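Descriptive structure summary
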Number of protein chains: 2
Amino acid sequence: MTSERLPFDQAEYDRRLLMTRMAMALAGLDALFVSDPANMQWLTGYDAWTFNHHQGAIILQDADPIWWGRQQDTQGAMHTVWMPEGCVIGYESDLVSSMERHPIEDLARHISGLGVQNLGIEMDSQHFSAKGFSVLLQVLPDVGFADATGMVNLQRAIKSAPEIAFMRKAAAISDSVMQGVMKYADVGMAKNQLVALAYRDAMQGVDDAWGDYPAMPPMLPSGSDPAAGLLTWSGSPLVAGEDMTFSFSGCYRRYHAPLCRTIFLGEVSDEKRRAEAALIESLDAGIAAATAGSKVGDVAKAFAGPLGHGDDNGNGFGGLIGIAYPPNMEDDVISLNADSEAVLEPNMTFHVCPTLSVSGASVGIGQSIRISEDGAAEVFGGVSPKFATK
Amino acid sequence: MTSERLPFDQAEYDRRLLMTRMAMALAGLDALFVSDPANMQWLTGYDAWTFNHHQGAIILQDADPIWWGRQQDTQGAMHTVWMPEGCVIGYESDLVSSMERHPIEDLARHISGLGVQNLGIEMDSQHFSAKGFSVLLQVLPDVGFADATGMVNLQRAIKSAPEIAFMRKAAAISDSVMQGVMKYADVGMAKNQLVALAYRDAMQGVDDAWGDYPAMPPMLPSGSDPAAGLLTWSGSPLVAGEDMTFSFSGCYRRYHAPLCRTIFLGEVSDEKRRAEAALIESLDAGIAAATAGSKVGDVAKAFAGPLGHGDDNGNGFGGLIGIAYPPNMEDDVISLNADSEAVLEPNMTFHVCPTLSVSGASVGIGQSIRISEDGAAEVFGGVSPKFATK
């Protein structure tokens, strides 16, 4: 069926399938089991909160993809995928919590029926368990297995024009949320109250860009909170004289464009002003260096130069962005690390976020960018990167 | 360190550790690697959005638990766990996206150094990958491995008094959100606008119960949407004459108490009134039967009786609730299924949600309940289970 919910036209899905099949052929695979929900959505259109269960898409060289999941989720699948109904296969609900039998036994039966010889599996994905793999090995002793972690993620790295259009909508939502946060944040305000308004604005969206749930909640460390520790908020208040780093992404139809800004509740010390200047210099240098054809490692070094704290920014300067489901906002199949040999191509999209530690607290400025056909990368959204003050 | 962020006192963590060690001993394990973030939080206090990376807690019989994760997350760990700093071990950041080396090699080195002979692993958890397991097998050929999926989840089933107090706060937030939704929902309102207000109210919380992010976004199928398909919202409007089933959970410090109600935008047909009566009768019968000492299967049958559509309600009547991280709201280590042999104990907590299909649309009413010391289960929250009309 051609679902009325499908975000893209058939040509877009055909293109994606073709790219994936080429990658499979290069790896000698006649079938690929895709369990990462972002990869599954990219290939089939499937979009539902069912990725806490065993499910996936079976990609074949010479037949339509097969959606495979719980029986009670097949109706939702038929509403969201582009393949005909016969390509939607459910396993019985009593397998879900059975102690004796496992859902992957049902998958194995289908794989066997398809005559698959070499099956790729996303072995390091969070959505294919060690138990599932041991069941496959046991039930299908004659099938060859290969680790295909990242194979589809790499195909997703370069965005099509309609995907970029979705990301611009996500960026408009990110801008709206960040402008709101800069307006609402105040000394004494409990952090959860600020998060409440951020979520409201994110879900309200902007114009026809309705807000979808983001792959990650906002992060808003302040004062001497361990920014890098990714602790979420509490009911504690914003404190005068402290600064807060607010990270969030608007989401439109699962596409993201994260944004990170630092907000001061009071005066900005000279030391922090120097940090601000260095961070903006880092962004300018990195974004100028992020041209099509450049080596990712060189771009990371360009970001690192003005910061003076080595090449790695703790854990690199960012990763690929686009479709995302919790808990993964960024895709590290290409990371902006100094030792990366990957090469930038037009319409790759990244979140870049240089950070600095100042007097024990971390400050950062993050932008979402698109690699252009020529020249410097394009920055999504229009909120000034400068520190905001209240 | 005793973190100021720790939700419970040391006696509570000691009790949890003792129960877990007893279960380990019964299974012949001298160590257990806990990677499910809800289990990890329950045992150590660790609470951060880092569960998209390889991490976990190593539980031993005769030494404090060890937090193991990325180097850059150790600061956040030291802020949230009860163990001393020496029990927090980070692996180098360059392992995170390395193609040649894997983080689990670092874990294996520690397991080996501890002299572990029989290690339990949550093999069917989303947070321990097939790749991770194959690395362990390769690096530790002399260690025995056992599947310990659900072992800690079962220990978590019975809640302590402080946990119940947290769940009451979560229930107060759920009530506040649902009352708001019943007030705001209106014909022509875009669903994302309703979600925006629900998230705002959920994060604002109630009195001193500040809102934490829920393990699952709201679900609000309406009309003939495939309710069981767990499709999330879009920008489409609420339609006159249709009904909407709204499911959501407030969250306080990772504890949940989900709630589900059906709201009519217009008149309720006689057919739907009969469905409402049957659902309420089902809840009354099931909750009355859910006494300590009862067999779960018998309770499921009590819920099923008034519905007249067999014993299983599609996929059972609900699961355990408590601590949860996305994407899992409920824990199916005990599910309210007709064939379950499990026995209810006081202070087990469940979300129960009988559903009925009426003219192709699904309606349901869900409550969070606590098994009492004697008599019927206690219902959390106070919103009337009846269909709401606008």
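Refer to the structure printed above.
The paragraphs below set out a description of the structure included in this document.

1. A look at the relation of the copies chain A and chain B
Superposing chain A onto chain B requires a rotation of 180° together with a translation of 0.0 Å along the rotation axis, leaving an RMSD of 0.0 Å. Expressed as a symmetry operation, the mapping of one chain copy onto the other fits a two-fold axis. Of the C-alpha atoms belonging to chain A, the one lying closest to the rotation axis is found on A130(A), 1.9 Å away. The residues that chain A uses at the interface reappear at the interface of chain B in 100% of cases, marking a shared surface.

2. Looking at helix α2 (residues 37–44) of chain B
All names here are of chain B. Burial runs high along α2: 8 of the 8 residues are buried. Of all the residues in α2, the buried ones are P37, A38, N39, M40, Q41, W42, L43 and T44. Where α2 begins, the capping side chain belongs to D36, and its oxygen is found 2.8 Å from the backbone nitrogen of A38.

3. Remarks on the pattern of salt bridges
Here the structure, examined in full by the defined rule, presents 34 salt bridges over all chains. For R168(A), the salt bridge is made with E378(A), and the minimal N-O distance between the two is 2.5 Å. With a gap of 210 residues between them, R168(A) in helix α7 (residues 161–184) and E378(A) in strand β15 (residues 378–379) connect regions that are remote in the sequence. For E378(A), a relative accessible area of 22% puts it in the partly exposed group. In this structure, the salt-bridge partner of D201(B) is R200(B), at a minimum N-O distance of 3.1 Å. Each of the two residues, D201(B) as well as R200(B), counts as buried. Salt bridges linked by common partners bring E12(A), R15(A), R16(A) and E163(A) together as one network.

4. Considerations on the sheet that holds strand β11 (residues 349–352) of chain A
Sheets are built from strands that pair by backbone hydrogen bonding, the pairs being arranged parallel or antiparallel. Residue and element names in this part refer to chain A. A sheet is described by the order of its strands in space; here 5 strands give the open sequence β10-β9-β11-β14-β15, paired in antiparallel fashion. At either margin of the open sheet sits one strand with a lone partner, and together these are β10 (331–335) and β15. In the sheet, β11 pairs with strand β14 (residues 367–370) via 4 bridges, with the strands oriented antiparallel. Its bridge partner being in β14, H351 is matched across the sheet by S368.

5. What about the interface of chain A and chain B?
Counting residues at the interface gives 68 residues for chain A, matched by 68 residues for chain B. On the chain A side of the contact with chain B, W49(A), Q126(A) and L231(A) bury the most area, a combined 12% of that side's loss. Taken together, chain A and chain B are joined by 28 residue pairs in polar contact (both at pLDDT 80 or more). Looking at the side of chain A that touches chain B, the elements with two or more residues in it are α3 (74–80), α5 (130–139), α8 (191–204) and β10 of chain A. Per-element tally for the side of chain A that touches chain B: the top contributor is α8(A), with 8 residues.

What counts and how
Residues numbered from 1 in each chain as written. Chains lettered and ligands numbered in written order. Predicted model: local features only at pLDDT ≥ 70, side-chain atom pairs only at ≥ 80, totals over all residues. Heavy atoms only, no water. Least-squares fit on C-alpha atoms with pLDDT ≥ 70 in both. Contact = heavy atoms within 4.5 Å. Buried < 20%, exposed > 50% of the residue type's maximum accessible area, 1.4 Å probe, protein only. Helix = DSSP H or I, 4+ residues; strand = E, 2+ residues; numbered from the N terminus. Polar contact = N/O pair within 3.5 Å; in protein donor to acceptor, adjacent residues only side chain to side chain. Salt bridge = Lys/Arg side-chain N within 4 Å of Asp/Glu carboxyl O. Pairing = 2+ DSSP bridges. Buried area = accessible area lost by both parts, 1.4 Å probe.

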